[in-house]
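# Summary of the model geometry
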Amino acid sequence: MIISVILGLVLLGLVLLLALVPPSVTSGTVPFGVRIPAQYAGDPVVAAQSRLYRRRVLLCGGIVAVAGVASVAVTGQPLLLPLSVLVLVGTWYGCFFLAHQEIRAAKLAGGWFQGLHQGIAVDTELRTNPPRFPWLWLAPAVAVTLATAVIGIMMYPSMPQNLAVHYGANGVPNRIEVKSVGSAFSLVFLQLGLTALLGGIAAAVVRSRPDLDPARPLGSSRWARHYMSLGAKALLGLVAMIDLGLMGSSLLMWTGTVSRWAPLVIVIPVLASVAATIAVLARNNRDRGSNGEDTGLTHRDDDKFWRGGVIYINREDPALVVPRRFGIGWTLNFGDPRAAMLLAGVVALIGLVIALRFAS
């Protein structure tokens, strides 16, 4: 149980860090998901809401962490800590939404866009000559997955007849299945699915529609190309580490190894890679090519396409993947039918793994 508590607290800390970082790395023209003119980026309302947001997140994070640890101590159920993470995510969005509403109200009341020339910048070469897909960065994930499959095929005859397909918080198996191709190679199938999924997302990222600054389109376009390429590489590095963790978990299952440290085999590589990905993208997210001659234009006020500042729905936009308004990374255009197909594929992948791993 000690291991689970430590992992739960580490995960809580990571989520808390994720919640505190976005205001510092988000573009000044979309604070808390609200589109504003560049000259209002330093407005007192924006600065005040940033301070309030951080205080609220820290307060909520402390309360959730204390409540989670106390609940584990009283009930002895380590799974309450992962539930605390979900509660923290919910309070995180609550803090975000309060700041979002206050800044949006100030923008509307002050008429921040009145008298300004709004525009849209487009780099047509991003369609005809997009950044190249980093195939070499995909190689580690493919190599780890193939190695896992080959090792599994070689070990299959000598595997235990009963495989531990799930471990409890104390590292002791709590789910045993009879050896079969489905149960033994369920994590290999998961590796294949995740590699294909994140590889496809990386390909979509390098062909995504960037949010170019109409005030300085040339510098913004150069930054967008660099950031899209960097984002694709970060995603492919992330899936390689996830595959490595799944490889370690498979080896534990195939050899019948029982250890209280078993949860660390998969969690540590994943958490380390997530932290590295966030650090790399955050360092390059704030500076969006602000150099260059100012055209006198400002971004179009497009808040109507963003539900709650985080969900993008625009049926007229052909782009499937667009930059996030708050924080780092990209999000889907939920006005595009392909987004529903992609989400259905993710659900199908999860269902397939559950069916193979836990079928009677």
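The structure we're discussing is the one just above.
In short, a report on the structure. Just so it is clear, the model here is predicted, and its values are computed rather than measured.

Calculation rules
Residues numbered from 1 in each chain as written. Predicted model: local features only at pLDDT ≥ 70, side-chain atom pairs only at ≥ 80, totals over all residues. Heavy atoms only, no water. Helix = DSSP H or I, 4+ residues; strand = E, 2+ residues; numbered from the N terminus. Buried < 20%, exposed > 50% of the residue type's maximum accessible area, 1.4 Å probe, protein only. Areas by Shrake-Rupley, 256 points an atom, 1.4 Å probe, with all protein chains shown as cover. Salt bridge = Lys/Arg side-chain N within 4 Å of Asp/Glu carboxyl O. Contact = heavy atoms within 4.5 Å. Axes fitted to C-alpha atoms, helices over the stretch in contact; angles between N-to-C directions. Parallel < 35°, antiparallel > 145°, perpendicular 65-115°, else oblique. Left-handed = near helix turned anticlockwise from the far one by under 90°. Nonpolar A, V, L, I, M, F, W, Y, C, P; charged D, E, K, R; others polar. Expected span 1.5 Å × (residues − 1). Core = buried A, V, L, I, M, F, W, Y, C linked by side-chain atoms within 4.5 Å. Patch = residues over 30% accessible without salt bridge, like charges linked within 9 Å, V, L, I, M, F, W, Y side chains within 5 Å.

A separate point is the overall build of the chain. Helix and strand counts for the chain come out as 11 helices and 8 strands. In the chain, which comprises 360 residues, the share counted as buried stands at 46%. Carbon and sulfur atoms form 68% of the exposed surface of the chain, whose accessible area is close to 17900 Å².

The next point concerns the pattern of salt bridges. Summed over the entire model, instances satisfying the criterion amount to 9 salt bridges. A salt bridge links Arg 35 to Asp 302, with the nearest nitrogen and oxygen atoms 3.3 Å apart. Of this pair, Arg 35 sits in the loop between α2 (22–25) and α3 (44–75) while Asp 302 sits in the loop between β4 (298–299) and β5 (306–307), placing them 267 residues apart in sequence. Given a relative accessible area of 12%, Asp 302 falls into the buried group. For Asp 317, the salt bridge identified is with Arg 209, shortest N-O distance 2.6 Å. With Asp 317 in the loop between β6 (311–312) and β7 (321–323) and Arg 209 in the loop between α8 (186–206) and α9 (217–255), the pair connects residues that are 108 residues apart, well separated along the chain. Take Arg 209: its relative accessible area is 28%, and that puts it in the partly exposed class.

With respect to the helices and strands, the residue Ala 149 is situated in helix α6 (residues 135–155). Placed 38 residues apart in sequence, Ala 149 and Leu 187 show a C-alpha to C-alpha distance of 9.5 Å. Dropping the residues within four chain positions of it, Ala 149 is found in contact with Phe 185 and Val 188.

The next subject is the side chain of His 100. In this fold, His 100 is placed in helix α4 (residues 80–110). Taking relative accessible area as the criterion, His 100 reaches 3% and is therefore assigned buried.

What follows deals with the packing of α6 against α8. It is the contact of α6 with α8, at a shortest axis distance of 9 Å, that shows an interaxial angle of 165°. Regarding the angle of α6 to α8, the classification is roughly antiparallel. When the axes of α6 and α8 are compared, the crossing they make is left-handed. For the pair α6 and α8, the contacting residues are Leu 138, Ala 141, Val 142, Val 144, Thr 145, Thr 148 and Ala 149 in the first and Val 188, Gln 191, Leu 192 and Thr 195 in the second. For the contact of α6 with α8, a count of residues per class yields 7 nonpolar, 4 polar and no charged.

This part covers the packing of α6 against α9. At a minimum axis distance of 7 Å, the contact between α6 and α9 shows a crossing angle of 15°. Accordingly, the angle class assigned to the pair α6 and α9 is roughly parallel. At the point where α6 passes α9, the crossing takes the left-handed sense. Across the interface between the two elements, Trp 137, Leu 138, Pro 140, Ala 141, Val 144, Thr 145, Ala 147, Thr 148, Ile 151, Gly 152 and Met 155 of α6 pack against Lys 233, Leu 236, Val 239, Ala 240, Asp 243, Leu 244, Met 247, Ser 250, Leu 251, Trp 254 and Thr 255 of α9. Per-class residue counts for the contact of α6 with α9 are 15 nonpolar, 5 polar and 2 charged.

Okay, α9 next. Its 39 residues place the ends of α9 57 Å apart at the C-alpha level, agreeing with the 57 Å of an ideal helix rising 1.5 Å per residue. Across the 39 residues that make up α9, a large majority, 28, are buried. Gly 256 sits one or two positions beyond α9 and adopts a positive phi of about 70°.

Turning our eyes to something else, we now look at the nonpolar core. Across soluble globular proteins, nonpolar side chains show a tendency to be buried alongside one another. The biggest cluster of nonpolar side chains holds 27 residues, and the ones touching the most others in it are Ala 202, Tyr 227, Leu 281, Ile 328 and Trp 330. Contributions of two or more residues to this core are made by α8, α9, α10 (262–283) and β8 (330–332). Per-element tally for this core: the top contributor is α9, with 9 residues. In this structure, Leu 88, Ala 99, Ala 106 and Trp 112 belong to the second largest nonpolar core, which totals 20 residues.

Take a nonpolar patch on the surface next. There is a patch of nonpolar side chains on the surface, built from Val 181, Phe 189 and Leu 192 and spanning about 250 Å² of accessible area. Residue position: Val 181 is located in helix α7 (residues 181–184).

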